[in-house]
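Residue strings, one per chain:
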Amino acid sequence: MKVPFVDLGSQQSEIADEVRLGLDSVFERTAFVGGPEVTAFEEAYASFVGAGHCVGVGNGTDALELAMRAVGVRPGGEVIVPANTFIATAEAVSRIGALPVPVDVDESQLLIDPVAVERAITPRTQAIVPVHLFGQTAFVEQVLPLAEAAGIPVIEDAAQSQGAQRNGRGSGSLAAAAATSFYPGKNLGAAGDAGAVMTSDPEIARTVRLLAAHGSETKYVHEVVGMNSRLDTVQAVVLSAKLARLEKWNELRRQAADRYHVLLDGVRGVRLPESAPGNLDVWHLYVVRVRDRDRVLAALLEAGVGTGIHYPFPVHLTAAYASLGFGEGSFPVAERAAGEILSLPMFPHLSPEQQEYVAEVLAAAVGHG
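Sequence order sets the numbering: in each chain, residues are counted from 1 along the sequence as written. Local features in this predicted model are restricted to residues whose pLDDT is 70 or higher, and side-chain atom pairs enter the listing and the counts only when it is 80 or higher, whereas totals over whole chains, interfaces and linings include all residues. Neither water nor hydrogens contribute to the side-chain values; these are computed over all heavy atoms in the structure.

Caption draft 1: Highlighting the packing of aromatic side chains. Aromatic pairs are defined between Phe, Tyr and Trp rings, using the six-membered ring for Trp, whenever the two ring centres lie within 6.5 Å; interplanar angles under 30 degrees are classed as stacked, those over 60 as edge-to-face, and all others as tilted. One pass over the structure, following the stated rule, counts 9 aromatic pairs. When the ring of Tyr45 is compared with that of Phe182, the centres are 5.4 Å apart and the planes differ by 85°; the resulting orientation is edge-to-face. In this pair, Tyr45 is assigned in helix α2 (residues 36–49) and Phe182 in the loop between β8 (177–181) and β9 (195–199), connecting sequence segments 137 residues apart. Across this residue pair, the class does not change: Tyr45 and Phe182 are buried. Taken together, a centroid distance of 5.1 Å and an interplanar angle of 50° make the contact between Phe326 and Phe331 tilted. Within the aromatic cluster, the residues linked to one another by ring pairs are Phe41, Tyr45, Phe48 and Phe182. Put simply, DSSP H or I for four residues or longer makes a helix, DSSP E for two residues or longer makes a strand, and each gets a number counted from the N terminus. Note on exposure labels: buried denotes an accessible area under 20% of the residue type's maximum, exposed denotes more than 50%, and partly exposed covers the range between, all computed with a 1.4 Å probe on protein chains only.

Caption draft 2: Focus on the pairing of β8. Judged by how many residues are buried, β8 sits mostly within the fold: 5 of 5 residues are covered. Here β8 shows a buried face lined by Ala177, Ala179 and Ser181 and a second buried face lined by Ala178 and Thr180. Strands are treated as partners if at least two bridges between them are detected by DSSP. Strand direction decides the pairing type here: strand β5 (residues 155–157) and β8, joined by 3 bridges, are parallel. Bridge pairing in β8 links Asp157 to Ala179.

Caption draft 3: Examining the side chain of Gln354 more closely. Note on placement: Gln354 falls in helix α11 (residues 352–367). Look at Gln354 and you get buried, because its relative accessible area is 16%. Counted as a polar contact is a pair of N or O atoms within 3.5 Å, where, for protein atoms, one must be capable of donating a hydrogen and the other of accepting one, and residues adjacent in sequence contribute only when both atoms are in side chains. Here Ser351 takes part through its backbone nitrogen, which lies 2.9 Å from a polar atom of the side chain of Gln354. Should any heavy atoms of two residues lie within 4.5 Å, those residues are considered in contact. Setting aside chain neighbours within four positions, we find Gln354 in contact with Met1, Lys2, Val3, Pro4, Phe347 and His349.

Caption draft 4: Focus on the nonpolar core. Residue types Ala, Val, Leu, Ile, Met, Phe, Trp, Tyr and Cys, when buried and joined through side-chain atoms within 4.5 Å, form a set referred to as a nonpolar core. Ile80, Val103, Leu110, Val117 and Ile128 are the most contacted members of the largest nonpolar core, which has 32 residues in total. Of all the secondary structure elements, the ones that give two or more residues to this core are β3 (99–103), α5 (114–120), α6 (140–150) and α10 (332–338). Dropping the residues within four chain positions of it, Ile80 is found in contact with Val101, Val103, Ile112, Val117, Ala120, Ile121, Thr125, Ala127, Ile128 and Val129. The next biggest cluster of nonpolar side chains, apart from the first, holds 28 residues, and it includes Met68, Ala127, Ile155 and Val197.

Caption draft 5: Structural context of the environment of Arg271. By the secondary structure assignment, Arg271 is in strand β12 (residues 270–271). Engagement of the side chain of Arg271 in a polar contact is seen with the side chain of Glu107, the distance being 3.0 Å.

Caption draft 6: Here's a closer look at the sheet that holds strand β2 (residues 78–82). Spatial ordering of the open sheet is given by β3-β2-β4, a layout of 3 strands whose pairing is parallel. Both outer strands of the open sheet, β3 and β4 (125–128), are each paired with one neighbouring strand and no more. Across the sheet, the axes of successive neighbouring strands diverge by a mean angle of 30°, strand direction being ignored. Note that β2 and β4 share 3 bridges and pair parallel. Paired with Ile80 across the strands is Ile128, a residue of β4. Axis angles are defined between N-to-C directions and span 0 to 180 degrees, where every axis is a line fitted to C-alpha atoms and, for a helix, only to the segment in contact.

Caption draft 7: Structural view of unusual backbone geometry. Cis geometry marks the peptide bond from His310 to Tyr311; its omega dihedral reads 15°. Residue Thr30 is not a glycine yet carries a positive backbone phi of 50°. Mapped onto the elements of the fold, Thr30 is located in the loop between α1 (8–29) and α2. You can call Thr30 exposed: its relative accessible area is 52%.

Caption draft 8: Geometry of helix α4 (residues 88–96). Those residues of α4 that fall on the buried side of the exposure criterion are Ala88, Thr89, Ala90, Ala92, Val93 and Ile96. Each element contacted by the buried residues of α4 is listed here: α3 (60–71), β2, β3 and β5.

Caption draft 9: Representation of the sheet that holds strand β6 (residues 165–166). Spatial strand order, β7-β6-β13: 3 strands in an open sheet with antiparallel pairing. Strands with a single pairing partner mark the edges of an open sheet, and in this sheet they are β7 (169–170) and β13 (279–280). Taken together, the 2 bridges between β6 and β13 define a ladder with antiparallel strand orientation. Along β13, the bridge assignment pairs Gln165 with Leu280.

Caption draft 10: Examining the packing of α3 against helix α7 (residues 202–212) more closely. Here α3 crosses α7 at 125°, and the two axes come no closer than 9 Å. Relative to α7, the element α3 lies oblique. Crossing hand, α3 versus α7: right-handed. Residues Leu66, Arg69, Ala70 and Val71 of α3 lie in contact with α7, whose contacting residues are Ile204, Thr207, Val208, Leu211 and Ala212. In these notes the angle categories are as follows: under 35 degrees is roughly parallel, over 145 is roughly antiparallel, 65 to 115 is roughly perpendicular, and the rest is oblique. By convention, the crossing between two helices is left-handed when the near helix turns anticlockwise from the far helix through less than a right angle, and right-handed when the turn is clockwise.

Caption draft 11: Quick look at the environment of Val225. Mapping Val225 onto the fold places it in the loop between β11 (221–222) and α8 (233–264). Residues Val225 and Leu210, spaced 15 residues apart in sequence, show a C-alpha to C-alpha distance of 9.3 Å. Discounting chain neighbours no more than four positions away, the residues touching Val225 are Arg69 and Leu211.

Caption draft 12: Examining the side chain of Arg254 more closely. Tracing the backbone through its elements, the reader meets Arg254 in helix α8. Take Arg254: its relative accessible area is 17%, and that puts it in the buried class. Polar side-chain contacts of Arg254 include one of 3.0 Å to the backbone oxygen of Asp281.

See below:
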């Protein structure tokens, strides 16, 4: 049996007719930029996450940069980020000319550690960016008081948590602003690159729109130096069709996670992921931890099981950020996890039979270590 890591085809088959009709309308009107489709999606997604505003942009990295710029991150400032994240979180800081300041994560969920955040705040800190990783929401309510005491904003990196909740509130609505990616493999994925900034502050929303449109609200009247980052109308059509099904798809992910929990319970050498109290996870990834990870990974791939590592190198140990000066041992939890984590197949249409095979192969692989 072959089990893919992700199966976008099954999602596409559900929305194909609806998307085709929407795209026919877009192409018939040659309405390729902006328009009612983009507005409708922005309003629907803002309502979905519980934010006052959603501004569609070109991709998730742009969304992070625009959100940071809108809340006041400037060249020379510092932005606190978790060491365990995709490099785009830090990259967006660098694109502004600010300095990413990585901190360690907690042992159980591998999310940003509020204690480490408190120690990292300095007079140069201009923002804190908790990352909602693997479909779970970071402990934002513990970070917010630290930020408020220092007079700095919090921005959620919500690219892996579309539909997740923390203490009953939606990911993307917990801080001054939030950024998300709609890369195809996300829980809510486009047919290419796309992203968005969410906020309940109308001034932040206005600033993001301004910056994303060459610093202009009126054609050829440019208030500030901005950039060009738009949510394409074609992507808005796809995203709207998928958003209507996202709650169902997220529930299917939760059911798949529950099956993995049962199938892998008691398998020696496999540490299962844990949901934090107060979290409603959406299982963007199902990440286990194993010893001798690379050997286990090779065994899974040899058996036809698609797997991944999210992420093999903490930000501070990438060549891109060697200049930060953090060597091995700087953030031990993130570094130890990077050598153990293994992402198993996870998508809404994953079948029980596929999961049984994955569990069988994984149990055999760790048992041969």
